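Letter by letter, the chains look like this.
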Amino acid sequence: VGSGLWLQQNNAREETTEVARTLSFALQAPVDFGDEKGITDALALLRARPHVEAAAVYDRHGAPLGSYGSGTAPIGRLATEGLLAGRLQAAAVIRSDADIIGSVVVVNRLSRMWQALGLAMLAIVLASLAGLAFSVLLAQRIARTITRPIDVLADVVEAAGDTPVI
């Protein structure tokens, strides 16, 4: 269970980082040329990722250039993040050649991860219950097989004890 939690969080962190890096690549030209529509269009690509809660683009000085999603634009690190907080945040720099021209911050909602983890836990519990039920049935059958000759012998002795000796 613990490794499942760790793997889910690790996968979510990698996915969030990948989205931030991909978005930083898509934002290179719009940020470099100050193209607000291009920035908006690049951020609109996040609609294909329903787990992305918010994203924000900043220039090299930290001034906001655009944002996507609910609430306010993410700034800095979230106070709490991870599976228990329900969200992860990743940032990537936007480069033009060797120069840093801006940054992008992406916040990933982890409700989908919790659903997958819940389904996995339910499958584990159901498989454990099925294994327990099978074990009990098998143990009863083995017990009957072992005790059957003793039961037959006890019945014969009891019947012999009931018959009068001549």
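Look a little higher up for the structure.
Residues numbered from 1 in each chain as written. Predicted model: local features only at pLDDT ≥ 70, side-chain atom pairs only at ≥ 80, totals over all residues. Heavy atoms only, no water.

**Q** Break down the overall build of the protein for me, citing the residues and quoting the values.
**A** Each helix and strand in the protein was counted, giving four helices and four strands. In sequence order, the secondary structure elements of the protein are arranged as α-α-α-β-β-β-β-α. For the protein, with 166 residues in total, the buried portion stands at 26%. The long-range fraction of contacts in the protein, counting pairs at least 24 apart against all pairs at least 6 apart in sequence, stands at 55%. (Helix = DSSP H or I, 4+ residues; strand = E, 2+ residues; numbered from the N terminus. Buried < 20%, exposed > 50% of the residue type's maximum accessible area, 1.4 Å probe, protein only. Contact = heavy atoms within 4.5 Å.)

**Q** With reference to specific residues and values, describe the pairing of strand β2 (residues 64-69).
**A** Taken together, the five bridges between strand β1 (residues 52-59) and β2 define a ladder with antiparallel strand orientation. Bridging across to β2, Ala55 finds its partner in Tyr68. Following β1, the chain reverses through four residues before pairing antiparallel with β2; Gly62 in that reversal takes a positive phi of roughly 90°. (Pairing = 2+ DSSP bridges.)

**Q** Before we move on, can you summarise unusual backbone geometry with the specific residues and values?
**A** Notably, Asp97 is not glycine yet its phi reads approximately 55°, a positive angle. Following the sequence through the fold, Asp97 ends up in the loop between β3 (87-96) and β4 (99-109).

**Q** So what about the pattern of salt bridges? Which residues, and what values?
**A** For the coordinates displayed, the defined rule picks out four salt bridges. For Arg49, the salt bridge is made with Glu15, and the minimal N-O distance between the two is 3.7 Å. One end of the pair, Arg49, is in the loop between α3 (36-44) and β1; the other, Glu15, is in helix α1 (residues 2-26), with 34 residues separating them in the sequence. Between Arg49 and Glu18 there is a salt bridge, with the nearest N and O atoms lying 3.5 Å from each other. Of this pair, Arg49 sits in the loop between α3 and β1 while Glu18 sits in helix α1, placing them 31 residues apart in sequence. Overall, the relative accessible area of 27% leaves Arg49 in the partly exposed class. (Salt bridge = Lys/Arg side-chain N within 4 Å of Asp/Glu carboxyl O.)

**Q** Give me the sheet that holds β2: which residues, what numbers.
**A** Strand order across the open sheet formed by four strands is β2-β1-β4-β3, with antiparallel pairing between neighbours. With partners counted over all chains shown, the strands left at the sheet margins are β2 and β3, one partner each. Pairs of neighbouring strands in the sheet enclose a mean axial angle of 15°, with direction left out of account. In the packing of α3 onto the sheet, the strands contacted are β1 and β2, and the crossing angle to β2 comes to about 30°. (Axes fitted to C-alpha atoms, helices over the stretch in contact; angles between N-to-C directions.)

**Q** Go over the environment of Leu43, please, and point to the residues and values.
**A** Position of Leu43 relative to the elements: it lies in helix α3. Taking the C-alpha atoms as reference points, Leu43 and Gly69, separated by 26 residues in sequence, lie 9.2 Å from one another.

**Q** Explain the nonpolar core residue by residue, including any values.
**A** One finds Leu23, Leu27, Val57, Val104 and Val106 to be the most contacted residues of the largest nonpolar core, which totals 18 residues. Contributions of two or more residues to this core are made by α1, α3, β1, β3 and β4. Beyond its immediate stretch of four places on either side in the chain, Val104 contacts Ala20, Leu23, Ser24, Leu27, Ala56, Val57, Ala90, Ala91, Ala92 and Ile94. (Core = buried A, V, L, I, M, F, W, Y, C linked by side-chain atoms within 4.5 Å.)

**Q** Explain α3 residue by residue, including any values.
**A** Gly38, Ile39, Ala42 and Leu43 are the residues of α3 that are buried. On an axial view of α3, the arc spanned by its buried residues comes to 135°, and they lie on one face. For α3, exposure combined with an orientation more than 90 degrees from the buried face picks out Glu36, Lys37 and Thr40. At the N-terminal end of α3, a side-chain oxygen is found 3.3 Å from the backbone nitrogen of Lys37, two or three residues along, and the residue is Asp35. (Arc of directions from axis to C-beta. Polar contact = N/O pair within 3.5 Å; in protein donor to acceptor, adjacent residues only side chain to side chain.)

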